[in-house]
Amino acid sequence: MNRTDVRTLQRFLKESGSYQGKIDGLRGPKTLAAMKTTLKAHADLLPAGADAWSDKRRAVACLQVACRLRKIEVGPIDGLWGPQTDHATEVLATIQETGKPPAPWRDQEPLDANPNGWYREAELKEALGSPTRKPPMVVVPCPWQLCLAWDLGTHPSGIGCHEMVADSLSRILTRVNDHYGPEQLREMGLHRYGGCYNKRRKRGGTSWSTHAWGIAIDWDPSHNRLKWGRDRARLAQPEYDTWWKIWEEEGWVSLGRTRNFDWMHVQAAKL
Ligand SMILES: [Zn+2]
């Protein structure tokens, strides 16, 4: 239970009318008094002997009661901080902030469509040739303004990619732009273009990167770093659900959505 969790507790105590102090994440006397009042009011939810628990354990129990009242699955009210309490508290905090529980990311399986017949990664060398020779390239214009992620003052006119993926990419960019609009896309960081064609090996690997064939694109790399998972990567947030749906309906694969790393990266090749 850290300071953020104590803030969540204080917000609950405030909402239930027993606390008028600051939301400062500190378990001071006002917080303790409010906890006492609230636990007394919900004594029916506590096991026998809970009166003898330490203040810390009672604070955890109080959060567990808060979750129980919100119908968040929290398990037994035992005042012990395990993974279930930890997750339930996170859900409670999201409800306090947004009025809604967090989006159930586990349920959102990536689509496995492949309407364009993209190759598997392992087939690329044979199908498209060795990346030591530059692939046939086309520049696909982007309907919203792009900035190079590493040089925001530079605005590429479009995305230079393998001609094989150009039509699909063009459809995707149009649909994305129709859905979000240029302003929102900028707010979402999707003007920060991290590059497409790049004759290189995989970072942290030895085989060719799909970038070496010009069939992969990186978006907003500074907020979606290679080793970040969905807890940190911006592109894992619920507002990007439609973004990913549009790519996946064209058969593109997000490494973030399928493997939970490299959220910046989307490719026209199956794993
Ligand atoms: Zn990439």
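Being a predicted model, the structure only gives us computed values, none of them experimental. (Residues numbered from 1 in each chain as written. Predicted model: local features only at pLDDT ≥ 70, side-chain atom pairs only at ≥ 80, totals over all residues. Heavy atoms only, no water.)

### A look at the coordination of the zinc ion
Coordination angles at a metal have ideal targets, namely 109.5 degrees for four tetrahedral donors and 90 or 180 degrees for six octahedral donors.
Piece 1. Here the zinc ion is held by the protein donor atoms His211 (NE2), Asp218 (OD) and His265 (ND1), which lie 2.0 to 2.1 Å from it.
Piece 2. All donor residues of the zinc ion come from one chain, and their arrangement in sequence is H-x6-D-x46-H. Grouping residues by exposure puts His211 and Asp218 together as buried. (Donors = N, O, S within 2.8 Å, 3.2 Å for Na, K, Ca; no water. Buried < 20%, exposed > 50% of the residue type's maximum accessible area, 1.4 Å probe, protein only.)

### Details of the pattern of salt bridges
Piece 1. Tallied over the entire structure, the rule returns nine salt bridges.
Piece 2. As a salt-bridge pair, Asp112 and Lys270 come within 3.8 Å of each other at their nearest N and O atoms. Here Asp112 is found in the loop between helix 4 (83–98) and helix 5 (124–128), whereas its partner Lys270 is found in the segment after strand 7 (265–267), with 158 residues between them in sequence.
Piece 3. Ionic contacts of the salt-bridge type, sharing partners, join the residues Arg175, Lys245 and Glu249 into one network. (Salt bridge = Lys/Arg side-chain N within 4 Å of Asp/Glu carboxyl O. Helix = DSSP H or I, 4+ residues; strand = E, 2+ residues; numbered from the N terminus.)

### Section: the side chain of Gln10
Piece 1. Among the secondary structure elements, Gln10 is positioned in helix 1 (residues 3–15).
Piece 2. Among all residues touching Gln10, those that are not within four sequence positions of it are Tyr19, Lys22, Ile23, Asp24, Gly25, Leu26 and Thr31. (Contact = heavy atoms within 4.5 Å.)

### A word on the packing of helix 1 against helix 2 (residues 29–41)
Packed helices, taken two at a time, are described by the angle their axes make and the gap between the axes.
Piece 1. Where helix 1 meets helix 2, the axes come as close as 10 Å, and the angle between the chain directions of the two elements is 60°. One finds that helix 1 runs oblique with respect to helix 2. The two elements helix 1 and helix 2 meet at a crossing, and its hand is left-handed. Here Leu9, Gln10, Phe12 and Leu13 of helix 1 come into contact with helix 2, specifically with Thr31, Ala34, Met35 and Thr38.
Piece 2. Taken together, the residues of the contact of helix 1 with helix 2 sort by class into five nonpolar, three polar and no charged. (Axes fitted to C-alpha atoms, helices over the stretch in contact; angles between N-to-C directions. Parallel < 35°, antiparallel > 145°, perpendicular 65-115°, else oblique. Left-handed = near helix turned anticlockwise from the far one by under 90°. Nonpolar A, V, L, I, M, F, W, Y, C, P; charged D, E, K, R; others polar.)

### Description of helix 2
Piece 1. For helix 2, built from 13 residues, the straight-helix expectation of 18 Å at 1.5 Å per residue is met to within 8% by its first-to-last C-alpha distance of 19 Å.
Piece 2. Looking at helix 2, one finds that the buried residues are Thr31, Ala34, Met35, Thr38 and Leu39. Down the axis of helix 2, the buried set is contained in an arc of 130°. They therefore lie on one face. In helix 2, those exposed residues whose orientation departs by more than 90 degrees from the buried face are Pro29, Lys30, Lys36 and Lys40.
Piece 3. Elements in contact with the buried residues of helix 2: helix 1 and helix 3 (55–69). (Expected span 1.5 Å × (residues − 1). Arc of directions from axis to C-beta.)

### Focus on the environment of Asp86
Piece 1. Secondary-structure assignment places Asp86 in helix 4.
Piece 2. Note on Asp86: relative accessible area 33%, which makes it partly exposed.
Piece 3. Sequence separation between Asp86 and Glu109 is 23 residues, and the spatial gap between their C-alpha atoms is 24 Å.
Piece 4. A polar atom in the side chain of Asp86 sits 3.3 Å from the side chain of Trp81. (Polar contact = N/O pair within 3.5 Å; in protein donor to acceptor, adjacent residues only side chain to side chain.)

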